[in-house]
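The residues making up each chain are set out below.
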Amino acid sequence: CSLGYGGSKPDILWSPHHVDRYVICDSELSLYRIESLGSTEAKAGVIQLSEETAATLLAINSDTPYMKCVAWYPKHEPECLLAVGQANGRVVLTSLGQSHNSKCKELMGKEFVPKHARQCNTLSWNPADSNWLAAGLDKHRADFSVLIWDISSKYAPEATVPPEKIRLPSGDADVGTVVTKPLYELGQNDACLSLCWLPRDQKLLLAGMHRNLAIFDLRNTSQKMFVNTKAIQGVTVDPFFHDRVASFFEGQVAIWDLRKFEKPVLTLSEQPKPLTKVAWCPTRAGLLATLTRDSNVVRLYDMQHAPTPIGDETEPTIIERSVQPCESFISSFAWHPSAQNRMVVVSPNRAMTDFTVFERISLAWSSTSSLMWACGRHLYDCAEERTGSEAAVESDIATKMRARAQSRYGHDTVQVWRNYVLAGGDDPQLKSLWYTLHYILPFQCPYLTLDQEQKQQGNKQTVVYSGIKNIVKSSSGTTESRRSWSDSDRQGDVVRYHSEERSLALRLCGWIGRGPDVDVEPFLRSLEQEGEWERAAAVALFNLDIRRAIQILNKGASSEKGDLNLNVVAMALSGHTDEKSSLWREMCSSLRLQLRSPYLRASFAFLTSEPGAYDGVLYESRVAVRDRVAFACMFLSDTQLSRYIDKLTNEMKEAGNLEGILLTGLTKDGVDLMESYVDRTGDVQTASFCMLKGSPGEVVKDPRVQCWIENYRNLLDAWRFWHKRAEFDIHRSKLDPSSKPLAQVFVSCNFCGKSISYSCSAMPHQGRSFSQYGVSGSPTKSKVTSCPGCRKPLPRCALCLMNMGTPVSSCPGTGKSDEKVDLSKDKKLAQFNNWFTWCHNCRHGGHAGHMLSWFRDHTECPVSACTCKCMQLDTTGNLVPSDTT
Amino acid sequence: MDLHILEHRLKVTSIAKQGLFVFTHPLIKLIFLRSRTRCKFLSLTETPEDFTLVLDEEGFKELPCSEYLQVEDSMWLALNVVSNGHASSSSQAVGVTKIAKSVIAPLAEQHVSVFMLSTYQTDFILVREKDLSVVIDTLQEEFNIYREVGGECVPVPSQDVHNGFQKNGKEATKATVHPVLSPLNKFCVMSLDPDTLPTIATTLIDVLFYSSSCKDASHSSQDLDCVKFFSFSLIDGYISLVMDTEAQRQFPADLLFTSSSGELWRMVRIGGQPLGFDECGIVAQISQPLANSDISAYYISTFSFDHALVPEEDIDSVIDMLQEQRQMKLEV
């Protein structure tokens with residue numbers, strides 16, 4: 001508190017112990033009580049400070065003119081004892097309100113007078129010994145500027161000036177209350193602008209002197225520590241970090257670390273106007289509030305995350321922001337001593353505002369789909385609700401992927417369709433995708449192709465694999481046949497198209513099996529088995545077998561949980577007639593739209609459509625893509641078919657519908673489709689597994705695919721599914737041999753700087769095993785304990801003191817003769833146990849096995865003189881994989 | 001001990017008494033309207049001869065050209081001794097006395113002319129800018145020397161003594177011993193809260209500008225043994241006032257700061273003829289014997305004469321000492 005009140009700019013002081021009291025000081029002292037608004041609403045003379053709080057004026061003290069600074073007595077009692085520093089350097093003890101405390105009465109009005117009058121700039125009570133009051137005064141040529149008064153001392157005339165020289169102004173008749181002998185006098189021939197006691201020791205005082213900051217040690221007053229600086233105003237100690245001090249000069253705040261006092265550890269960005277107040281928040285670590293002249297904002301500097309002490313190299317992270325508590329200019333502010341981030345600001349016209357600085361919100365996503373945010377002292381955790389009910393919202397994709405990773409989703413390379421089951425078996429798109437891949441993939445790998453495919457070796461094979469779109473494009477030699485309904489003897493007018501490619505497409509759609517057999521019956525049976533009655537009926541119908549369709553519907557109606565309405569549909573079907581203008585046709589084509597099942601709608605659309613115009617089937621969007629495509633392959637001419645497939649493909653790509661993979665195959669088109677699927681769902685897992693099965697040259701190298709793969713690997717790492725990630729990498733390298741990871745890290749020799757592996761130039765980095773480092777279990781190679789490049793010895797293990805390169809003996813200290821025995825014993829462990837490990841901080845290390853066993857019981861480095869807490873520095877060392885089963 | 005070379009670049013001027021009216025406006029601006037000027041160093045001393053005005057370049061710009069204004073050609077720099085808490089507190093004497101041996105005497109030996117200005121707050125030793133290298137060289141053994149640049153103290157690197165700079169070392173001419181005069185009026189040295197300066201403005205204007213008019217002839221004849229002396233300085237925001245008890249009575253008692261003991265001072269005026277600016281060793285002549293006897297003193301140089309203030313109880317012994325010294329010199 002070093003403001004002068006001559007300019008009538010009010011300052012504000014909060015009671016150190018009574019959290020509802022504060023004092024406004026300008027030309028007089030006014031004591032206020034702050035309360036919540038509800039309890040004081042009715043009373044008169046209440047000043048509203050905010051929506052919730054109001055202040056009541058309790059007392060005014062105008063006994064002390066020429067006030068320059070005020071400091072509140074730091075002890076609980078007497079309650080409202082204030083020290084007032086005056087323009088003439090006198091310090092007066094005064095009080096506000098009524099106090100019946102005898103100590104207070106005794107102290108009231110007591111004056112402390114310096115030898116030479118000059119302005120008192122600052123006052124500071126000693127927090128440990130509350131009898132000590134430090135006053136900082138302006139310069140006098142012969143006098144001291146820092147005076148420490150003992151408020152309990154009695155006036156002793158003989159101690160100071162000879163009586164004949166005392167010419168005190170006659171006003172001081174009551175000399176009994178005047179003290180002229182300070183306990184300590186410091187800073188001769190200097191000026192003191194600001195003061196604060198250091199919490200480190202009761203006898204340490206930090207003072208902002210003329211052009212330097214000084215630390216006075218009262219245990220030895222002839223000594224002081226000082227640093228030349230301009231920033232000498234408003235010295236204040238961080239209440240949370242006692243070595244951190246802030247001071248200012250004009251518009252600039254300097255932050256000091258008392259342990260490194262030579263220069264400020266930090267200077268905050270300079271303000272255009274001079275600062276008037278700088279104060280650490282007492283309720284929040286590392287938050288500094290600053291105020292400049294003629295400003296309506298308080299600037300806040302959050303140093304919470306700035307390392308302490310702030311190193312030379314590191315760029316300190318300080319978050320700077322401004323808050324505006326009120327419209328008018330702010331004359332001064334005071335932090336509330338206990339309510340978090342709360343302050344009262346006072347404007348030059350004495351208007352007061354109660355204000356709470358809203359804490360920044362910091363937010364963190366967990367790798368497992370929960371969200372956490374912190375605000376002030378509150379921590380909020382937002383986790384996905386785990387309700388058993390089916391109606392619950394679909395769980396987050398991260399949760400799904402996590403569960404799928406645990407069920408080894410994507411890893412079934414033999415029965416590819418089973419991956420759909422591993423994924424949970426409830427996603428129709430995934431079902432379509434994995435069935436498609438199941439049908440496609442046998443064509444991809446030559447050794448899996450079935451007998452009839454032999455002639456299709458070569459280019460056909462890649463065509464298959466690139467999706468129906470490309471297959472139908474390459475179609476040639478299409479033949480037409482007029483077909484009639486299976487139970488009809490009339491020549492039908494339904495035109496069906498045939499070609500090798502169309503049969504292949506039907507096969508990929510799953511309608512007909514492999515081999516020469518083109519019968520749709522097995523497919524119908526499998527649909528019946530799964531209870532997809534409507535779909536089976538539709539497929540039968542599309543194959544012009546109306547009797548079979550009716551049979552299926554009857555079966556569906558009579559099955560368990562069967563829908564009796566299917567019988568009604570069967571009835572309707574049985575009335576089918578070719579007659580163009582029949583009532584049946586008319587009714588069916590209008591009423592079919594009321595059917596709920598898309599397959600039944602499509603069936604009636606087919607039956608009632610004109611030949612060659614099948615839009616009712618082809619654009620029935622809820623009919624599976626594979627069925628629509630199969631249908632199109634049967635009933636559309638080459639031009640129609642190709643146009644339809646193109647249109648459908650684009651639709652699928654745009655929607656990111658995985659059913660479209662049937663059309664695109666694992667091609668560039670497929671990647672485009674998958675891209676919109678990933679954009680829509682974020683499911684990089686499916687994307688990675690699916691695209692890995694594509695051609696390595698074209699698809700897997702696509703940067704988007706690589707990105708999905710890397711993201712999926714990172715996800716697995718983030719979930720600590722390290723084993724799953726390793727499995728994925730193995731899976732990946734099987735499908736894409738080029739993806740084998742390069743050795744990114746190698747151990748280099750201390751002397752020559754070359755890798756200590758053998759002939760690294762001769763061998764590619766890829767696939768280099770650690771045995772080449774000469775640290776494998778082989779006893780012959782283990783003799784190599786020197787760098788192959790320069791033949792200098794390798795460093796020694798800090799525990800067994802053997803040169804690296806020697807194998808680990810399982811019990812350190814045993815002789816060399818035991819080595820072979822030990823190695824054979826735990827050969828499996830030996831490989832990793834022999835690896836080099838070291839702490840990145842202290843550079844000490846040794847055999848991995850030794851280090852592991854050492855750090856199981858210790859956190860400190862095994863090297864005797866080293867105090868490095870290696871284990872605590874290793875953030876991943878304390879984690880365990882969460883996918884171990 | 002630290003020696004600070006301050007940033008102020010100063011001019012020493014003299015305003016003739018009859019020409020004061022030309023300067024009242026700039027002076028009132030410099031003294032009372034601090035926010036309107038960038039002047040940071042102002043000292044105005046009235047003596048029977050003239051008004052001595054010492055001020056920095058910014059302040060100097062405010063002064064009009066006039067036949068009544070005499071300006072010393074050189075640019076002057078202010079030095080300030082900062083004890084930094086290491087001072088031996090054994091000696092109670094302060095001011096010029098304290099620095100007599102460490103600063104004044106060595107500079108006199110090197111023939112550096114000094115202009116002293118004591119205030120309530122401190123003592124300024126003004127030296128010519130051209131003498132600075134000699135000053136630094138002379139004092140660097142005794143002091144850590146800092147130069148204030150932009151408000152920061154920058155250590156001055158120690159100079160190589162044998163670097164062949166221009167020494168002022170003429171053959172040590174025998175120092176002239178000047179007559180001393182001790183008027184009877186008692187002085188006090190005081191300060192003032194700058195915020196209350198407006199409160200005493202009328203009194204101050206009265207004392208500064210109308211001092212001669214209010215005195216009748218009989219009064220002045222009665223005051224033959226008294227000397228008109230009033231000094232006001234406003235340096236870096238600090239106010240210092242030196243006035244006799246007569247003048248003090250015109251000010252409200254509770255606003256001016258002084259020592260709690262209310263000590264009073266007597267003046268020793270040095271010089272029968274105007275001293276000029278080139279003679280060296282004048283301050284040393286006075287301060288040496290004071291230092292020997294451990295007597296505190298203020299010292300205020302003006303355009304024509306030097307003035308030392310000593311505690312009233314010590315005035316007789318000081319005069320005796322100085323007379324004795326003069327006698328000895330004359331005999332030699």
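What counts as what
Residues numbered from 1 in each chain as written. Chains lettered and ligands numbered in written order. Predicted model: local features only at pLDDT ≥ 70, side-chain atom pairs only at ≥ 80, totals over all residues. Heavy atoms only, no water. Contact = heavy atoms within 4.5 Å. Buried area = accessible area lost by both parts, 1.4 Å probe. Salt bridge = Lys/Arg side-chain N within 4 Å of Asp/Glu carboxyl O. Polar contact = N/O pair within 3.5 Å; in protein donor to acceptor, adjacent residues only side chain to side chain. Helix = DSSP H or I, 4+ residues; strand = E, 2+ residues; numbered from the N terminus. Patch = residues over 30% accessible without salt bridge, like charges linked within 9 Å, V, L, I, M, F, W, Y side chains within 5 Å. Areas by Shrake-Rupley, 256 points an atom, 1.4 Å probe, with all protein chains shown as cover. Buried < 20%, exposed > 50% of the residue type's maximum accessible area, 1.4 Å probe, protein only. Pairing = 2+ DSSP bridges. Phe/Tyr/Trp six-rings, centres within 6.5 Å; stacked < 30°, edge-to-face > 60°. Core = buried A, V, L, I, M, F, W, Y, C linked by side-chain atoms within 4.5 Å. pLDDT = per-residue confidence, 0-100. Disulfide = S-S within 2.5 Å. Axes fitted to C-alpha atoms, helices over the stretch in contact; angles between N-to-C directions. Parallel < 35°, antiparallel > 145°, perpendicular 65-115°, else oblique. Left-handed = near helix turned anticlockwise from the far one by under 90°. Nonpolar A, V, L, I, M, F, W, Y, C, P; charged D, E, K, R; others polar.

A. Fine view of the interface of chain B and chain A. Listed per partner, the contact involves 41 residues of chain B and 34 residues of chain A. Both sides together, the interface formed by chain B and chain A hides about 3,100 Å², and carbon and sulfur atoms give 45% of it. For the interface between chain B and chain A, the tally reads four salt bridges. Note that Arg 211 of chain A is salt-bridged to Glu 148 of chain B, the shortest N-O span being 2.1 Å. Summed over the shared surface of chain B and chain A, the number is 17 residue pairs in polar contact (both at pLDDT 80 or more). Put simply, the parts of the chain that give the side of chain B that touches chain A at least two residues each are strand 5 (76–82), helix 3 (96–109), strand 8 (144–149) and strand 9 (152–155) of chain B. Considering each element in turn, the side of chain B that touches chain A owes the most residues, three residues, to strand 5 of chain B.

B. Representation of a nonpolar patch on the surface. A cluster of nonpolar side chains, contributed by Phe 358, Ile 361, Leu 363 and Trp 365 of chain A, occupies part of the molecular surface with about 520 Å² of accessible area. With respect to the helices and strands, the residue Trp 365 of chain A is situated in strand 30 (residues 361–365).

C. Quick look at the pairing of strand 14 (residues 184–188) of chain A. Residues and elements named next belong to chain A. Burial of strand 14 is extensive: four of the five residues sit out of reach of the surface. Sheet topology places strand 12 (residues 144–150) next to strand 14; four bridges connect them, and they run antiparallel. Looking at strand 14, one finds that Val 146 is bridged to Leu 186.

D. Fine view of the packing of aromatic side chains. All names here are of chain A. If you walk through the whole model with that rule in mind, you get 37 aromatic pairs over all chains. Each ring, one from Phe 606 and one from Phe 631, has its centre 5.4 Å from the other, and the planes form 85°; the classification is edge-to-face. Within this pair, whereas Phe 606 is found in helix 14 (residues 598–608), its partner Phe 631 is found in helix 16 (residues 625–635), the two being separated by 25 residues in sequence. Across the pair, Phe 631 and Phe 606 agree in class, each one buried.

E. Structural detail: helix 20 (residues 684–692) of chain A. Counting buried residues along helix 20 of chain A, nine of its nine residues qualify, which places the element largely inside the surrounding structure. Here helix 20 of chain A has its buried residues at Val 684, Gln 685, Thr 686, Ala 687, Ser 688, Phe 689, Cys 690, Met 691 and Leu 692 of chain A.

F. Region of interest: unusual backbone geometry. With a phi angle near 50°, Asp 294 of chain A is a residue other than glycine that sits in the positive phi range. Overall, Asp 294 of chain A belongs to the partly exposed group, its relative accessible area being 32%. Of note in the backbone geometry, Asp 236 of chain B takes a positive phi value of approximately 55° without being a glycine.

G. Examining the nonpolar core more closely. Among the nonpolar cores identified, the biggest contains 100 residues, and Ile 468, Trp 511 and Met 691 of chain A are the most heavily contacted of them. In this structure, Ile 468 of chain A is in contact with Ala 505, Leu 508, Cys 509, Val 629, Ile 645, Leu 662 and Leu 663 of chain A, ignoring residues within four places of it in sequence. Membership of the second largest hydrophobic core comes to 40 residues, among which are Ile 99, Val 103, Leu 132 and Ile 145 of chain B.

H. Focus on the confidence of the model for chain B. Residue and element names in this part refer to chain B. Counting all residues, the mean pLDDT for chain B is 83, and 86% of those residues have values of 70 or more. Here residues 87–91 scores under 50 on pLDDT; set against residues more than four positions off or in separate chains, the count is three contacts. Scored by ipTM, the complex comes to 0.84, with pTM at 0.65.

I. Layout of the state of the cysteines. Residues and elements named next belong to chain A. Scanning the entire structure with this criterion turns up zero disulfides over all chains. A disulfide-free cysteine, Cys 69 has its sulfur positioned 3.8 Å from the sulfur of Cys 120, the nearest such atom. For Cys 69, a relative accessible area of 0% translates into the label buried.

J. Geometry of the pattern of salt bridges. All names here are of chain A. Enumeration over the complete set of coordinates arrives at 64 salt bridges over all chains. Here Arg 350 makes a salt bridge to Glu 28, at a shortest N to O gap of 3.9 Å. One end of the pair, Arg 350, is in the loop between strand 28 (342–346) and strand 29 (352–356); the other, Glu 28, is in the loop between strand 2 (21–25) and strand 3 (29–36), with 322 residues separating them in the sequence. Looking at Arg 350, the relative accessible area reads 23%, which means it is partly exposed. Judged by its relative accessible area of 22%, Glu 28 is partly exposed.

K. Here's a closer look at the side chain of Ser 130 of chain A. All names here are of chain A. Mapped onto the secondary structure, Ser 130 falls in the loop between strand 10 (120–125) and strand 11 (132–137). At a separation of 3.1 Å, a polar atom in the side chain of Ser 130 contacts the side chain of Tyr 73. Residue contacts for Ser 130: discarding those within four places in its chain leaves Tyr 73, Pro 74, Lys 75, Trp 125 and Ile 151.

L. Up close: the side chain of Asn 657 of chain A. All names here are of chain A. Here Asn 657 shows up in the loop between helix 17 (638–655) and helix 18 (661–664). Asn 657 sits in the buried class, given a relative accessible area of 14%. What Asn 657 contacts, discounting residues up to four positions off in sequence, is Gln 429, Met 652 and Leu 673.

M. Broad picture of the packing of helix 20 of chain A against helix 22 (residues 703–718) of chain A. All names here are of chain A. Direction vectors running N to C along helix 20 and helix 22 enclose 125°, while the axes themselves pass 8 Å from each other. Classed by the angle they form, the pair helix 20 and helix 22 counts as oblique. Between helix 20 and helix 22 lies a crossing whose hand is left-handed. Each of Val 684, Gln 685, Ala 687, Ser 688, Phe 689, Met 691 and Leu 692 in helix 20 lies in contact with helix 22, whose residues at this interface are Val 705, Trp 708, Ile 709, Asn 711, Tyr 712 and Leu 715. When grouped by side-chain class, the residues that make up the contact of helix 20 with helix 22 number 10 nonpolar, three polar and no charged.

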